[in-house]
Each structure stands twice: as structure tokens, then as C-alpha cells.
Amino acid sequence: MIDTFRTMARTLNNPFVEKWKGSGGKVIGFPCTYLPEEIIHAAGMLPFRFRGVGTTSLSVGDTYFGPVICSFPKCILQLAGEGRYEFLDGAVIVPGCDSMRRLDECWRKAGEDYQGSLPGYFHYFGVPHKVTDYSISWFEEETVIFKESLEQYFDLTITDDAVAEAIGLYNGIRRLLCRMDRLRTGDTVLLSGSDALAVLVAGSAMPRGSYRELLEGTLDSLEREARDISEGRKRLMLVGSVNDDVGFMDVIEDSGGLIVADTLCFGFRSYADLVDESDEPLKALTRRYLQHSYCPRMFGYYKDRLQVLRRRIREARVDGVILQNIRFCDLHGSENGIFERDLEAEGVPCMRIEREYGPLVETGRLKMRIDAFMERLG
């Protein structure tokens, strides 16, 4: 079953999406964990998280973004310009950072030059940077506008009952992913970090009902086999920028490390909190997603995020922390420096690396840095 997840993580389109489209289903793309994707599911459509996997050139991305910016949104735009996202019926842009905010204007402009690259439904979903009473109210209004825009464009109705049902399904998946987390953080480690990432990435690209069944079967199988893979390997935690690259995790784990914990958005951040199922559905969604302050896009919560890192380090008995950021990622790049200062002062070995996303990944350089860190950990 893990091979199924790994195959899906290494490709953009997949058989589940093809089957969904073949039966007349709609697919809506989005880039960030701050979008309450339960709304899309409740509309009867498939939420699909953007990735730049399979990019071999930045000829389109560089034209609109220029060279001095994070390569992740550039790879997404590149694939859109090449027609690789032609299976999308719509896209929602979320300002996870300024680079992702610029994806909105760059994709709209590229859509004029590359016919068919801009989905018919294209929506900008604003997200505040602070959690206050007024920002929660504003975010709730933004969520209602998003819901109504889907209803209007696709001529459908999204009922509260459908949203509540979606919340129940997504919470069930989050509980299963917490169960998977425990298979990595315990004394006996049953799942590598790269396999866990493959499971998580696949879950953002297939119908969630099918995903829940496949995920539960995989966890049952891992627990029955109970094969410990941790012997002789250093226990690591991965922190920082978005990472959907299973190959990057393989480079780390092939050097003698084992990623037993993370705080990534294709990882812990996506399943750490549940939506309150006893509250009114839209209100509960907005509170869960906005109070999700694990990402440095949220201003003023550094100490909270440091506490999360400390807790994860302690629970997973981590030997060392790898703080990585995509080049030109100001948010994670600056915060990783402060994490390194504070964690090293507490005796936690850290390594900070900057890397490219997609076609410019410097595998050799990264391997040398990781090998050196393994030597430091002894």
C-alpha cells in the first residue's frame, strides 16, 4: 500500500483523479493549509493541493515571477503554463506568503498568454495574519464569500449538513494521521519519514473517502507487521518550508537519519487540530483554520511555535533538528535562524539549510551537509 502512496506522491495527475474526472466530477486546486477545504468537499468536488512535482524547466515561471523569489509558486505556474493542470475546473489562491499571493496576479496574466492555463473558476481567498475577535469575524465573512462563489459559478448549493458531514470525514482522517504519527514517534518506529510524507501528499490529491479507507488499511498492516526500522539510526525532526518532495526525505534518511517528527504543512500542521463538531459548521471551520498558528505567516506566535517544537522534540526523543527553507522564503528563513539560536542554547543539535524546490534541487550539496550533521550527532 505504501508503494501506491509513493507513486501518487511522485506524480501530479493520478488514477483517482482520472476516475473522478471520468465520472463527471469537478476538481478544485488550492495551495495552502489555511483554506477550509471541507467547503470544496461539501460541494461534491475534489480538493487538490497544488504541487510543482515533475517540473523540468522554469521558462514560464521565471517570465512572470522573475528570478529572486521562492521556486515553489514558480513551479506551480510553470506546470499550469504547460497545461499540466488542465484537469482543474477551478483554483483558489491563498496568501500563505507574499510569493503565494503573487501567484494570483502572475497566473491571471499568464492565462492571457497561455490559452487554457487559467481555470474557469479562479478565486482569491484572503487570510488574516492575526487571531483576534475582529479577524475571526472577517475570516468567517471571507469563508462565506468563498462558499457562495462556488455555489454561484457551479450552480449548486452547499448545505450546512454537507459541511458538517465533511468536517466529520476530515476529522476522522486527522485522527488516523495522529495514529500514524505515533507509529513514528514511539520507541519502535514502524514508518520512515519519506513514507509518511508520501502518505500525506497522496491524501491531498484523491477523494477523501477513498483515502480514509486506504490509510486505515495501511496503518492496520503496519501495526500487524510491527517491524522496527529505527535500530542504529539517528532520530531527526524536519522543520520549515513546504516540502512535498519524497526524494528530499530519502536523501536525509539514506545518510543514516530517520525523520520521526516534523512541523511541516505537508505534515504535522495539516492534522494537528480538529474542527469542533459541536459548533455551527462554518464558525467551527473558521476558528480551526485561523487559530492554526503553526506557520510563521501568523504574526506574533513565535513563542507558541517554539513550544510546539520543544514538545515534539521531547515526545519523539529527537537527536537533532534539520531547519530547512526554500531559497528566498523570508518567513521560514528568518524564523529558522531564531529556532537554531534558541534550540542550540538548550543543547539540541540543529542544522540549517537553504534549498531550491523542484528542478534546481542540489542533491550533492545537500547530501554533504547532511552527512556532516550525522557525524556531529555521532
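Check the entry above for the structure.
Draft legend 1. Fine view of the packing of helix α8 (residues 160–185) against helix α10 (residues 208–225). The interhelical angle for the contact between α8 and α10, taken along N-to-C directions, is 25 degrees, at an axis separation of 10 Å. For the element pair α8 / α10, the angle class is roughly parallel. Crossing handedness for the pair α8 and α10: left-handed. Where α8 approaches α10, its residues L169, Y170, I173, L176, L177, R179, M180 and L183 are matched on the opposing element by R208, G209, Y211, R212, L215, E216, L219, D220, L222 and E223.

Draft legend 2. Representation of the packing of aromatic side chains within the structure. One pass over the structure, following the stated rule, counts 17 aromatic pairs. Plain terms: the ring middles of F5 and Y211 are 6.2 Å apart, the flat faces sit at 80 degrees to each other, and that makes the pair edge-to-face. Placement of the pair is F5 in helix α1 (residues 2–9) and Y211 in helix α10, with a sequence separation of 206 residues. Taking 4.8 Å as the distance between ring centres and 75 degrees as the angle between the ring planes, the aromatic pair formed by Y153 and F154 counts as edge-to-face.

Draft legend 3. Inspection of helix α16 (residues 363–377) at higher detail. With 15 residues, α16 extends 21 Å from end C-alpha to end C-alpha; this agrees with the ideal 21 Å at 1.5 Å per step. Taken as a whole, α16 has its buried residues at L366, I370, F373, M374 and L377. All buried residues of α16 lie within an arc of 105 degrees about the axis, which places them on one face of the element. Seen from the buried face of α16, the exposed residues on the opposite side, beyond 90 degrees, are M368 and E375. Residues of α16 that are buried in the fold lie against β5 (234–240), α11 (246–253), β6 (257–262), β7 (320–326) and β8 (350–355). Once α16 ends, the next one or two residues include G378, with phi positive near 80 degrees.

Draft legend 4. Just the side chain of D250, in detail. Along the chain, D250 falls in helix α11. Within the structure, D250 has its side chain in polar contact with the side chain of R6 (distance 2.9 Å). In this structure, D250 is in contact with R6, R10 and S194, ignoring residues within four places of it in sequence.

Draft legend 5. Focus on the sheet that holds strand β3 (residues 90–93). With parallel pairing, the four strands of this open sheet are ordered in space as β2-β1-β3-β4. For this open sheet the edge positions go to β2 (46–49) and β4 (121–124), each flanked by a neighbour on one side alone. When the angles between neighbouring strand axes are averaged without regard to direction, this sheet yields 20 degrees. Each of β3 and β4 is contacted by helix α6 (residues 98–113), which is oriented at about 145 degrees to β4, the strand it contacts most. Against the sheet, helix α7 (residues 133–154) engages β1 (27–30), β3 and β4, with an angle of about 170 degrees to β4.

Draft legend 6. Examining the nonpolar core more closely. In terms of nonpolar packing, the biggest core is built from 82 residues, with L77, Y85, W107, M180 and L215 touching the most fellow members. It is helix α9 (residues 193–202) that provides the largest number of residues to this core, a total of seven residues. The residues touching Y85, leaving out its near neighbours within four places in the chain, are L12, F48, F50, R51, I76, L79 and A80. Membership of the second largest hydrophobic core comes to 34 residues, among which are I39, I158, V163 and L290.

Draft legend 7. Seen up close, the environment of M100. Inspection of the secondary structure assignment puts M100 in helix α6. Looking at M100, the relative accessible area reads 7%, which means it is buried. Separated by 62 residues in sequence, M100 and E38 have C-alpha atoms that sit 21 Å apart. Not counting the four nearest positions on each side in its chain, M100 is found in contact with P31, F72, P73, I76, I93 and V94.

Draft legend 8. Region of the structure containing the pairing of β3. Neither face of β3 is left uncovered, since the one carrying G90 and V92 and the one carrying A91 and I93 both have all their residues buried. Relative to β3, β1 is paired through two bridges, and the arrangement is parallel. Opposite G29, over in β3, you have A91 as the bridge partner. Two strands pair when backbone bridges link them, and β3 and β4 are joined in this way by four bridges, in the parallel orientation. The residue of β4 that forms the bridge with A91 is F122.

Conventions and cut-offs
- Residues numbered from 1 in each chain as written.
- Predicted model: local features only at pLDDT ≥ 70, side-chain atom pairs only at ≥ 80, totals over all residues.
- Heavy atoms only, no water.
- Axes fitted to C-alpha atoms, helices over the stretch in contact; angles between N-to-C directions.
- Helix = DSSP H or I, 4+ residues; strand = E, 2+ residues; numbered from the N terminus.
- Parallel < 35°, antiparallel > 145°, perpendicular 65-115°, else oblique.
- Left-handed = near helix turned anticlockwise from the far one by under 90°.
- Contact = heavy atoms within 4.5 Å.
- Phe/Tyr/Trp six-rings, centres within 6.5 Å; stacked < 30°, edge-to-face > 60°.
- Expected span 1.5 Å × (residues − 1).
- Buried < 20%, exposed > 50% of the residue type's maximum accessible area, 1.4 Å probe, protein only.
- Arc of directions from axis to C-beta.
- Polar contact = N/O pair within 3.5 Å; in protein donor to acceptor, adjacent residues only side chain to side chain.
- Pairing = 2+ DSSP bridges.
- Core = buried A, V, L, I, M, F, W, Y, C linked by side-chain atoms within 4.5 Å.

Note that all results are geometric; they support no functional claim without further evidence.
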